[in-house]
Amino acid sequence: MKIIAYITCFLCLLLLALNKTEAQVCTGSLGDAVVNISFGAGTSTPPALPASTTTYTYVTTDCPNDGNYTIISSTSNCFGGSWHSLTEDHTPNDANGYMMLVNASLTPSDFYVDTIKALCANTTYEFTAWVVNVLKAGSCSPNPSRPKLIFTIETPTGTILGTYSTGDIIETSTPVWNQYGLFFTTPTGTPDVVVRIRNNAPGGCGNDLALDDIAFKPCGPKVTTSVLNTTITNVDMCTGSTTNTVLTSVVSSGYTNP
């Protein structure tokens with residue numbers, strides 16, 4: 001009886017986990033990014049972010065201390081080589097591209113807050129950001145503080161539309177950019193949303209990261225096409241052929257005005 005109970009409990013937990021995972025997945029198809037925040041590019045010292053974006057202190061040094069951040073295109077040999085040297089930001093083919101380099105504060109807090117305007121209301125979006133733990137594996141041994149970020153999407157009035165935790169972002173022997181994010185739906189009549197990225201781990205030795213390429217992509221319906229009145233999805237035609245082929249398509253459910 002105990003074995004049966006354990007199996008039943010395990011299956012219940014598995015179903016809950018699957019349902020939770022499904023909530024993060026776009027069941028249709030993703031469009032191109034309608035918002036892409038890459039922090040710009042250049043060869044001069046970039047300006048600080050707007051004061052409303054972060055409570056952290058902006059510095060122009062390559063290696064910010066606890067509670068500070070910088071906008072930079074590369075880093076080298078920070079803190080005695082305990083940080084990775086990043087030769088470039090995450091954005092592909094982005095010459096001299098900038099990223100946000102953060103040395104987390106000693107207490108958990110929001111380190112990036114932005115209002116995204118003019119999204120389509122009543123629409124599902126994917127929100128993502130690329131993050132790298134800049135602490136090298138083996139540094140701050142035996143108990144390094146690891147970045148643990150909370151992404152939250154909310155309305156301008158504070159209603160939470162979605163939240164996601166990265167969990168501990170483990171240090172690596174070479175720098176590894178990882179993409180994190182979630183799906184959310186804008187309410188009717190609410191085209192603006194507030195994005196918050198919170199450092200939810202203590203500062204000290206570790207909990208240091210770089211952030212880049214914050215993006216919003218619309219999640220639209222999946223369109224399945226075929227030749228009319230058949231299940232054929234591929235048609236071979238020769239140059240000069242006069243054969244008429246009529247195509248049909250089916251739009252996935254859940255989209256009243258795709």
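Just so you know, these numbers come straight off a predicted model, no measurement behind them.

### Topic: the pattern of salt bridges
Part 1 of the reasoning: For the structure on display, the rule yields 4 salt bridges.
Part 2 of the reasoning: Salt-bridge contacts for Glu154 lead to Arg196; the nearest nitrogen and oxygen are separated by 3.3 Å. Taken together, the residues span a long stretch of sequence, with Glu154 in strand 8 (residues 148-154) and Arg196 in strand 11 (residues 193-199) at a distance of 42 residues.
Part 3 of the reasoning: Here the residues in one salt-bridge network are Asp110, Glu154, Arg196 and Arg198, joined through shared partners.

### Here we look at the packing of aromatic side chains
Part 1 of the reasoning: Under the criterion given, the structure shown has 9 aromatic pairs.
Part 2 of the reasoning: Between Phe184 and Phe216, the aromatic rings sit 6.0 Å apart at their centres with planes inclined by 90°, giving edge-to-face as the arrangement. One end of the pair, Phe184, is in strand 10 (residues 178-185); the other, Phe216, is in strand 12 (residues 208-220), and 32 residues separate them in sequence.
Part 3 of the reasoning: Taking the relative accessible area as the measure of exposure, Phe184 reaches 2% and is therefore buried.

### Description of the environment of Thr115
Part 1 of the reasoning: Residue position: Thr115 is located in strand 6 (residues 109-116).
Part 2 of the reasoning: Taking the C-alpha atoms as reference, Thr115 lies 4.4 Å from Val194; in sequence the two are 79 residues apart.
Part 3 of the reasoning: Setting aside chain neighbours within four positions, we find Thr115 in contact with Val193 and Val194.

### Quick notes on the sheet that holds strand 9 (residues 160-168)
Part 1 of the reasoning: On the basis of which strands lie adjacent, the open sheet formed by 4 strands has the order 6-11-8-9 and antiparallel pairing. In this open sheet, the two edge strands, each paired with only one partner strand, are strand 6 and strand 9. Ignoring which end each strand starts from, the neighbouring axes of this sheet average 15° apart.

### A few points about the pairing of strand 5 (residues 99-103)
Part 1 of the reasoning: Most of strand 5 is tucked away, with 5 of its 5 residues classed as buried.
Part 2 of the reasoning: Of the two faces of strand 5, both are covered, the one formed by Met99, Leu101 and Asn103 as well as the one formed by Met100 and Val102.
Part 3 of the reasoning: Alignment of strand 4 (residues 68-72) against strand 5, held across 5 bridges, turns out to be antiparallel. Across the sheet, Thr70 pairs through a bridge with Leu101, a residue of strand 5.
Part 4 of the reasoning: Of the strand pairs in this sheet, strand 5 and strand 12 are connected by 4 bridges, and their pairing is antiparallel. Along strand 12, the bridge assignment pairs Met100 with Leu211.

### Thoughts on the side chain of Thr91
Part 1 of the reasoning: Relative to the helices and strands, Thr91 resides in the loop between strand 4 and strand 5.
Part 2 of the reasoning: Since its relative accessible area comes to 17%, Thr91 is described here as buried.
Part 3 of the reasoning: A distance of 3.4 Å separates the side chain of Thr91 from the side chain of Asp89, its partner in a polar contact.

### A short note on the state of the cysteines
Part 1 of the reasoning: Across all of its chains, the model carries 2 disulfides by this definition.
Part 2 of the reasoning: Paired by a disulfide, Cys63 and Cys78 hold their sulfur atoms 2.0 Å apart. One disulfide, between Cys63 and Cys78, carries an S-S torsion of -80° and so falls in the left-handed class. Here Cys63 is found in the loop between strand 3 (57-58) and strand 4, whereas its partner Cys78 is found in the loop between strand 4 and strand 5, with 15 residues between them in sequence.

### Some points on the confidence of the model for the chain
Part 1 of the reasoning: Scored by pLDDT, the chain comes out at a mean of 86, with 88% of its residues at no less than 70.
Part 2 of the reasoning: Ranking the elements of the chain by mean pLDDT puts helix 1 (residues 2-22) last, at 36, and strand 5 first, at 97.
Part 3 of the reasoning: Here residues 1-23 is modelled with pLDDT under 50, and outside its nearest four sequence neighbours on either side it reaches 1 contact, counting other chains as well.

### As for the nonpolar core
Here is a general trend for soluble globular proteins: nonpolar side chains tend to be buried in one another's company.
Part 1 of the reasoning: With 33 residues, the main nonpolar core has Met100, Phe111, Tyr112, Leu211, Ile214 and Phe216 as its most contacted residues.
Part 2 of the reasoning: Residues in contact with Phe111, not counting those within four places in the same chain, are Thr53, Thr54, Tyr56, Met100, Val102, Leu149, Ile197, Arg198, Asn199, Leu209 and Leu211.
Part 3 of the reasoning: Counting 12 residues, the second-largest nonpolar core is a separate cluster that includes Trp83, Leu101, Cys140 and Ala210.

### A few points about a nonpolar patch on the surface
Part 1 of the reasoning: A surface patch of nonpolar side chains, amounting to about 260 Å² of accessible area, comprises Ile232, Val235 and Met237.
Part 2 of the reasoning: Within the fold, Val235 resides in the loop between strand 13 (223-227) and strand 14 (247-251).

### As for unusual backbone geometry
Part 1 of the reasoning: In this structure, Pro142 follows Ser141 across a cis peptide bond, with omega equal to 10°.
Part 2 of the reasoning: Here Pro142 is to be found in the loop between strand 7 (124-133) and strand 8.
Part 3 of the reasoning: Residues other than glycine seldom take positive phi values, yet Phe39 does so here, at roughly 70°.
Part 4 of the reasoning: The topology assignment puts Phe39 in the loop between strand 2 (35-37) and strand 3.
Part 5 of the reasoning: Of the residues examined, Phe39 reaches a relative accessible area of 14% and is grouped as buried.
Part 6 of the reasoning: At Asn207, a position not held by glycine, the phi torsion is positive, near 55°.
Part 7 of the reasoning: In this structure, Asn207 sits in the loop between strand 11 and strand 12.

Conventions and cut-offs
- Residues numbered from 1 in each chain as written.
- Predicted model: local features only at pLDDT ≥ 70, side-chain atom pairs only at ≥ 80, totals over all residues.
- Heavy atoms only, no water.
- Salt bridge = Lys/Arg side-chain N within 4 Å of Asp/Glu carboxyl O.
- Helix = DSSP H or I, 4+ residues; strand = E, 2+ residues; numbered from the N terminus.
- Phe/Tyr/Trp six-rings, centres within 6.5 Å; stacked < 30°, edge-to-face > 60°.
- Buried < 20%, exposed > 50% of the residue type's maximum accessible area, 1.4 Å probe, protein only.
- Contact = heavy atoms within 4.5 Å.
- Pairing = 2+ DSSP bridges.
- Axes fitted to C-alpha atoms, helices over the stretch in contact; angles between N-to-C directions.
- Polar contact = N/O pair within 3.5 Å; in protein donor to acceptor, adjacent residues only side chain to side chain.
- Disulfide = S-S within 2.5 Å.
- pLDDT = per-residue confidence, 0-100.
- Core = buried A, V, L, I, M, F, W, Y, C linked by side-chain atoms within 4.5 Å.
- Patch = residues over 30% accessible without salt bridge, like charges linked within 9 Å, V, L, I, M, F, W, Y side chains within 5 Å.
- Areas by Shrake-Rupley, 256 points an atom, 1.4 Å probe, with all protein chains shown as cover.

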